[in-house]
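Spelled out, the chains give:
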Amino acid sequence: MHGGWDHLSANTGPVLVLGFLTLVSGIARGLAATAVIWLVAGIGTWLVAGGNSVHIGASGLVFGWIVYLAIRGIVNRRLWEVVLGVVVLVVYGGVLLGVLPGQPGISWQGHLFGALGGAVAAVVVSDRRGEVVRGLARRG
């Protein structure tokens, strides 16, 4: 579901590119990251958005994949993933301003919680998940 051909075409390229880049490090890992992003984006949007609002499209997933790819390399400590994350941020990073409210007809809630879902996914599906979680617990 999308709000017309413009909305569909705006999401199609990023979905194909970012989806491929998410899956390239392993189908199971990419699908797990996608599931985490979908859950966080969906639940977060549902909890925060207004009662009479409609949220459609794949933008939450796109924002989640951008953030997931941007920080996955830092979490995993893999140089090629860090380089890929930097490239993703250079190409798509400007859209991250869409997490801010203010544009009528744009689901900033879906964008925001998609991006948060990407950060969660980077930790949850990380090779170093246990180390990262223990480190965050010590700081908190």
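Reading the values: rules and limits
Residues numbered from 1 in each chain as written. Predicted model: local features only at pLDDT ≥ 70, side-chain atom pairs only at ≥ 80, totals over all residues. Heavy atoms only, no water. Core = buried A, V, L, I, M, F, W, Y, C linked by side-chain atoms within 4.5 Å. Buried < 20%, exposed > 50% of the residue type's maximum accessible area, 1.4 Å probe, protein only. Helix = DSSP H or I, 4+ residues; strand = E, 2+ residues; numbered from the N terminus. Contact = heavy atoms within 4.5 Å. Salt bridge = Lys/Arg side-chain N within 4 Å of Asp/Glu carboxyl O. Axes fitted to C-alpha atoms, helices over the stretch in contact; angles between N-to-C directions. Parallel < 35°, antiparallel > 145°, perpendicular 65-115°, else oblique. Left-handed = near helix turned anticlockwise from the far one by under 90°. Nonpolar A, V, L, I, M, F, W, Y, C, P; charged D, E, K, R; others polar. Polar contact = N/O pair within 3.5 Å; in protein donor to acceptor, adjacent residues only side chain to side chain.

Draft legend 1. Molecular detail of the nonpolar core. Among the nonpolar cores identified, the biggest contains 19 residues, and Leu 18, Ile 37, Ile 66, Tyr 68, Leu 69, Val 88 and Ala 121 are the most heavily contacted of them. At the level of secondary structure, the elements contributing two or more residues to this core comprise helix H1 (5–23), helix H2 (27–48), helix H3 (59–76), helix H4 (79–92) and helix H5 (108–124). Sorting elements by how many residues they give to this core places H3 first, with seven residues. Sequence-distant contacts of Val 88, that is, excluding residues within four places in its chain, are made with Leu 18, Leu 21, Ile 66, Leu 69 and Gly 93.

Draft legend 2. Quick look at the pattern of salt bridges. Evaluated as defined, the whole model comprises two salt bridges. Across the salt bridge formed by Arg 72 and Glu 81, the nearest N and O atoms sit 3.8 Å from each other. You'll find Arg 72 and Glu 81 in the same group, each marked buried. Its salt-bridge partner being Glu 81, residue Arg 78 comes within 3.1 Å of it at the nearest N-O pair. Each of Arg 72, Arg 78 and Glu 81 takes part in one network of salt bridges that share partners.

Draft legend 3. Highlighting the environment of Arg 29. Counting through the fold element by element, Arg 29 comes out in helix H2. Ignoring anything within four residues of it in the chain, the contact list for Arg 29 reads Tyr 68, Arg 78, Val 125 and Asp 127.

Draft legend 4. Quick peek at the packing of H2 against H3. One can describe the packing of H2 onto H3 by two numbers: an axis separation of 9 Å at closest approach and a directional angle of 125 degrees. The orientation of H2 with respect to H3, classified from their angle, is oblique. In this structure, the crossing between H2 and H3 has a hand that is right-handed. Contacts from Arg 29, Ala 33, Thr 34, Ile 37 and Trp 38 in H2 reach Gly 60, Leu 61, Gly 64, Trp 65 and Tyr 68 in H3. Classifying every residue of the contact of H2 with H3 by side-chain character gives six nonpolar, three polar and one charged.

Draft legend 5. Examining the side chain of Glu 81 more closely. In this structure, Glu 81 sits in helix H4. With relative accessibility at 0%, the residue Glu 81 sits in the buried group. Among the polar contacts listed, one links the side chain of Glu 81 to the side chain of Asn 76, at a separation of 3.0 Å. The contacts of Glu 81, once residues within four sequence positions are left out, are Ser 25, Leu 69, Arg 72, Gly 73 and Asn 76.

Draft legend 6. Representation of the environment of Phe 63. The topology assignment puts Phe 63 in helix H3. Using a relative accessible area of 5% as the deciding quantity, one classes Phe 63 as buried. For Phe 63 and Val 15, which are 48 residues apart along the polypeptide, the C-alpha to C-alpha distance reads 9.9 Å.

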